[in-house]
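# Close look at the chain arrangement
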Amino acid sequence: MLFLRISLISLFLLGCGSKEISLKQTDFNFDWQFRLIDSTSHNQAWKTVRLPHDWSVASSFDSIHGEGATGYLPGGIGEYEKQFPLNLSKDEMAFLLFDGVYNNAEVSLNGEILGNHPYGYSPFYYDITPHLNTNKDANTINVMVDRTRYADSRWYTGSGIYRNVELLVKNRLHIPIWGVYITTPKITKDQAEVQIEVSINNHYPEDKRVTVITEIFNMDGVKVGESSNDFSVVKEGSKIVTKKILVKEPILWSVDNPYLYTSKITISEGDKILDTQEIKFGIRSIRFDANEGFFLNGENMKIKGVCLHHDGGLVGAAVPKGVWERRLKKLKEGGCNAIRISHNPGSQEFLDLCDEMGFLVQDEFFDEWDNPKDKRNNMNEQSVDYITRGYTEHFQEWAERDLKNTVLAHRNHPSIIQWSIGNEIEWTYPRNGDATGFFNNMHWSGNYFWSLPPNSPEKVKEELKTLPKGKYDIGETAKKLANWTRELDTTRYIIANCILPTASHESGYTDALDMVGYSYRRVLYDYGHENYPDKPIMGTENLGQWHEWKAVMERPFISGTFLWTGIDYMGESNNGWPKKGSNSGLLDMGGFEKPSYHMFKSLWSSKPHVYLATQLEDKSIYKADASGNPVEKKPDGWKQALWGWHPVNEHWNYEDGETSIVEVYSNCDEVELFLNEKSLGTKKLSDFEDHIYKWIVPFREGTLLARGKKNSNLVETQIVTTSEPVAIQLISDKKELDADGYDVAHITTQLIDKNGNPVKTENHELSFNIDGEAELLGVDTGANDNVQDLKSNRIITDKGRCLLIIRSKKATSEITIKATSEQLTSNTIIIHSK
């Protein structure tokens with residue numbers, strides 16, 4: 001396939017959340033049997049579960065036998081079994097499609113092994129036709145999942161069949177799974193040329209003459225394009241049919257208007273329909289320019305992105321679509337427009353949501369290649385033990401299949417704009433670090449994060465020529481991965497998250513890429529642009545701090561950033577007990593907003609916004625100077641702030657007269673602060689280089705209010721001194737659930753005082769009672785140091801709050817939810833499942 005240098009041309013894509021609608025499609029997620037086989041080979045009893053399923057999150061956190069790298073939750077060996085009837089006609093075939101199993105899965109049908117699949121994140125499927133019972137007895141599918149290597153990653157992975165499974169029955173002449181590829185080579189205001197490539201497989205022993213009809217519908221169900229052709233497909237063979245359809249006056253997919261069309265492809269023989277597939281898709285163009293940054297549909301814009309791991313907090317890795325929807329909606333409200341799925345391919349459901357909600361996506365393939373990372377430290381491997389054996393063990397044999405399966409399955413999603421072939425891979429080829437001069441350099445005293453490189457590009461190149469090579473070369477492997485990707489898709493940019501770009505630019509690594517992502521190296525933006533002017537660069541893993549965004553805004557050639565992270569995640573917490581995860585997110589594990597969320601909302605959203613935070617002076621990063629004005633205790637410390645936000649409180653409860661620092665995060669031009677309706681002065685944002693309004697305020701009980709003004713718009717927020725909690729307030733994000741076994745409701749629980757104000761300075765142990773046809777998915781406070789059991793109806797609150805998630809069952813019901821503690825009771829929530 002001809003490859004064009006896509007850093008120099010505009011790319012057009014028409015993509016989809018390509019869910020196959022076949023002649024017979026079975027939801028294969030229900031009525032599985034599961035048992036956990038522990039290390040002593042004592043098998044637990046079988047129990048009924050539904051998929052997606054993560055057995056690890058149902059266990060207790062274990063600081064002794066667990067590993068912080070994967071969140072102190074256990075692995076083990078799990079066995080799944082399901083019986084199902086399936087009587088095929090002589091003209092039918094059946095396929096079993098797994099979107100993801102973590103990990104080392106062996107799949108059997110009726111006692112015959114279909115195959116094994118080591119990687120936990122790539123989709124795969126089997127033709128089960130030859131292995132089905134022909135005597136009308138029920139078939140038995142078994143899936144053995146070996147996650148005894150329970151510290152094989154640097155984040156929480158989950159265990160089991162944690163993504164959806166589908167059973168597809170097709171005619172012997174059909175569109176294969178992932179057999180449609182849609183692009184738009186030309187887009188103008190007046191029309192879009194839609195190119196649809198359809199693969200057709202013929203498993204009949206004779207040639208077949210078929211008709212392929214392709215129709216395109218807009219969101220109102222109106223047909224806007226159609227093509228029909230007759231083709232011959234040879235016996236036991238395949239054919240690729242390419243069609244071009246013009247869509248007049250196309251509505252383009254964008255982050256603000258994620259407009260999706262629907263394509264319907266029908267294959268028929270005479271009057272008999274053989275196969276049908278429907279695809280939702282969007283029309284849009286992308287371009288990255290080395291000097292001007294990113295363009296969506298011809299319009300220059302900044303990528304306001306966050307990195308996300310795949311766990312959903314209390315639900316673990318088996319994340320219901322509704323849980324992701326709530327989280328993504330909150331990020332969208334904060335001004336976020338892009339997601340980097342780190343450090344693995346995402347699920348179809350997640351990508352569908354990104355298509356529907358208007359998020360740009362970087363889909364990442366691997367966290368390690370030829371050589372292993374140390375799972376307890378994000379470096380080259382420091383210790384070798386069984387439990388940390390990861391994907392490197394399978395990379396040489398499986399990388400091509402896993403990468404290509406991912407591209408085939410995902411390449412029609414309009415949200416995806418980049419394929420990332422790897423994350424911080426350079427650590428695992430030690431000569432890269434040595435060549436930079438940042439490390440093992442007796443003649444240099446700078447700081448890796450904030451200093452310019454000690455070695456020039458010429459010096460780095462010279463070092464790479466002389467330093468000893470390992471068995472594998474990073475440049476050669478990168479070229480191999482990039483070429484496999486381009487075999488299947490040239491409409492996105494190939495990128496990687498480079499932690500040592502000064503070496504990567506000279507090692508051959510970035511030669512394989514269309515653009516380069518810098519990981520925590522914003523101090524090298526100018527260096528990269530000056531020394532490699534033809535290569536687009538951007539931040540692909542950066543700190544959730546103002547200085548990172550400031551560096552992006554000051555440079556038109558930087559397309560944007562992906563902050564680490566959008567939401568807190570489990571894992572990467574070695575030696576941090578009782579921390580079970582990271583504290584770097586804009587949202588915590590419960591999806592609750594953190595102060596950093598409000599800072600970035602003020603940076604990324606044009607809508608006027610103000611947020612109040614407080615802290616005692618002795619615990620604050622600020623102090624009063626000689627004039628009584630707030631200043632940093634560490635001058636210019638904001639310029640080098642790292643992960644996690646500095647400690648502040650969301651309450652106004654201190655001792656009378658105590659000196660507090662009041663912070664306001666806002667995009668308003670000026671803010672006035674009031675205490676008990678008395679003005680404490682108006683300040684201008686332009687006076688605060690760190691983008692944080694600050695006042696020194698002696699504490700007085702009452703109401704603290706901030707009022708911002710942006711142009712002629714006023715916006716305000718307040719916090720009040722609270723008294724003792726007198727009740728528990730339950731608030732549900734839904735009043736109704738679909739009785740489909742999938743729909744979820746989030747119930748936020750908060751201690752409140754006599755005036756209904758949230759009490760964030762006290763905590764109680766709560767117990768939940770749920771009546772009706774609903775499944776308790778669990779409870780969590782959202783705090784990363786909460787190591788209480790998640791699959792429970794009891795919890796001790798944090799900041800007086802917690803989150804409860806329930807899921808509907810396949811039955812109509814009135815669901816009532818109530819919470820109690822030793823001293824308090826809650827209101828009753830009623831949710832109708834129908």
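Before any of the text, the structure's been laid out above.
Residues numbered from 1 in each chain as written. Predicted model: local features only at pLDDT ≥ 70, side-chain atom pairs only at ≥ 80, totals over all residues. Heavy atoms only, no water.

Secondary structure summary: the protein contains ten helices and 49 strands in total. For a compact globule of 834 residues, the expected C-alpha radius of gyration is about 28 Å, and the protein comes in at 28 Å, within 12% of that figure. Principal axes of the C-alpha set define a box for the protein whose edges measure 90 × 70 × 60 Å. The proportion of buried residues among the 834 residues of the protein is 61%. Residue pairs in contact within the protein that sit at least 24 positions apart in sequence constitute 70% of those at least 6 positions apart. In the form shown here, the protein has an accessible surface area of approximately 32,500 Å², with 47% of it arising from carbon and sulfur atoms. Put simply, the protein has 92 plus and 117 minus side-chain charges, and the middle of one group is 3 Å from the middle of the other. (Helix = DSSP H or I, 4+ residues; strand = E, 2+ residues; numbered from the N terminus. Rg over C-alpha atoms; globule rule 2.2 N^0.38 Å. Buried < 20%, exposed > 50% of the residue type's maximum accessible area, 1.4 Å probe, protein only. Contact = heavy atoms within 4.5 Å. Areas by Shrake-Rupley, 256 points an atom, 1.4 Å probe, with all protein chains shown as cover. Lys, Arg positive; Asp, Glu negative; His and termini not counted. Charge placed at Lys NZ, Arg CZ, Asp CG, Glu CD.)

Here we take up the sheet that holds strand S37 (residues 678-684). Within the open sheet, the four strands sit side by side as S37-S36-S39-S40. Their pairing is antiparallel. Because the sheet does not close on itself, it has two edges, and the strands there are S37 and strand S40 (713-720). Averaged over all pairs of adjacent strands, the angle between their axes in this sheet comes to 15 degrees, without regard to strand direction. Sheet analysis places strand S36 (residues 670-675) next to S37, joined by five bridges and oriented antiparallel. Following the sheet pairing, Glu 672 is matched in S37 by Thr 682. (Pairing = 2+ DSSP bridges. Axes fitted to C-alpha atoms, helices over the stretch in contact; angles between N-to-C directions.)

As summarised here, the arrangement of the eight strands in space is S22-S23-S24-S27-S28-S29-S30-S31, forming a closed barrel in which the pairing is parallel. Along the sheet, successive strands turn relative to each other by an average axial angle of 25 degrees, direction set aside. Bridge analysis of strand S23 (residues 338-341) against strand S24 (residues 360-364) gives four bridges, and the strand direction is parallel. Across the sheet, the residue bridging to Ala 338 is Leu 360, located in S24. Strand contacts of helix H1 (residues 321-333): strand S22 (303-308) and S23, with the helix running at about 145 degrees to S22, the strand carrying the most contacts.

Turning to the pattern of salt bridges, a few remarks are in order. Within the structure shown, the criterion is met by 47 salt bridges. As a salt-bridge pair, Glu 593 and Lys 330 come within 2.8 Å of each other at their nearest N and O atoms. Of this pair, Glu 593 sits in the loop between strand S31 (560-564) and helix H10 (595-604) while Lys 330 is found in helix H1, placing the two residues 263 residues apart along the sequence. For Glu 593, a relative accessible area of 25% translates into the label partly exposed. (Salt bridge = Lys/Arg side-chain N within 4 Å of Asp/Glu carboxyl O.)

For the rest of this paragraph, the subject is the pairing of strand S35 (residues 659-666). Working note: regular strand, side chains alternate between the two faces of the sheet. In terms of burial, S35 is a largely internal element, seven of the eight residues being buried. With seven bridges joining them, strand S32 (residues 610-616) and S35 adopt antiparallel strand pairing. Note that in S35 the partner of Tyr 611 across the bridge is Tyr 665.

In this section: the pairing of strand S39 (residues 703-710). Alignment of S36 against S39, held across six bridges, turns out to be antiparallel. Bridged to Leu 675 within S39 is Leu 704. Pairing geometry for S39 and S40, over eight bridges, is antiparallel. Looking at the pairing, Ala 706 lines up with Thr 717 of S40.

Tracing the backbone through its elements, the reader meets Leu 714 in strand S40. C-alpha separation for the pair Leu 714 and Phe 84, spaced 630 residues apart in sequence, amounts to 62 Å. Setting aside chain neighbours within four positions, we find Leu 714 in contact with Gly 708 and Lys 709.

In this section: the nonpolar core. Counting 126 residues, the largest nonpolar core has Leu 328, Ile 339, Leu 360, Phe 366, Trp 369, Ile 421 and Tyr 509 as the members making the most contacts within it. The biggest single contributor to this core is helix H6 (residues 474-488), with six residues. Other than its neighbours up to four places away in sequence, Leu 328 contacts Leu 308, Ile 339, Phe 350, Leu 353, Cys 354, Met 357 and Phe 359. If you look at the next biggest cluster of nonpolar residues, it comprises 29 residues, including Phe 34, Phe 98, Val 107 and Ile 141. (Core = buried A, V, L, I, M, F, W, Y, C linked by side-chain atoms within 4.5 Å.)

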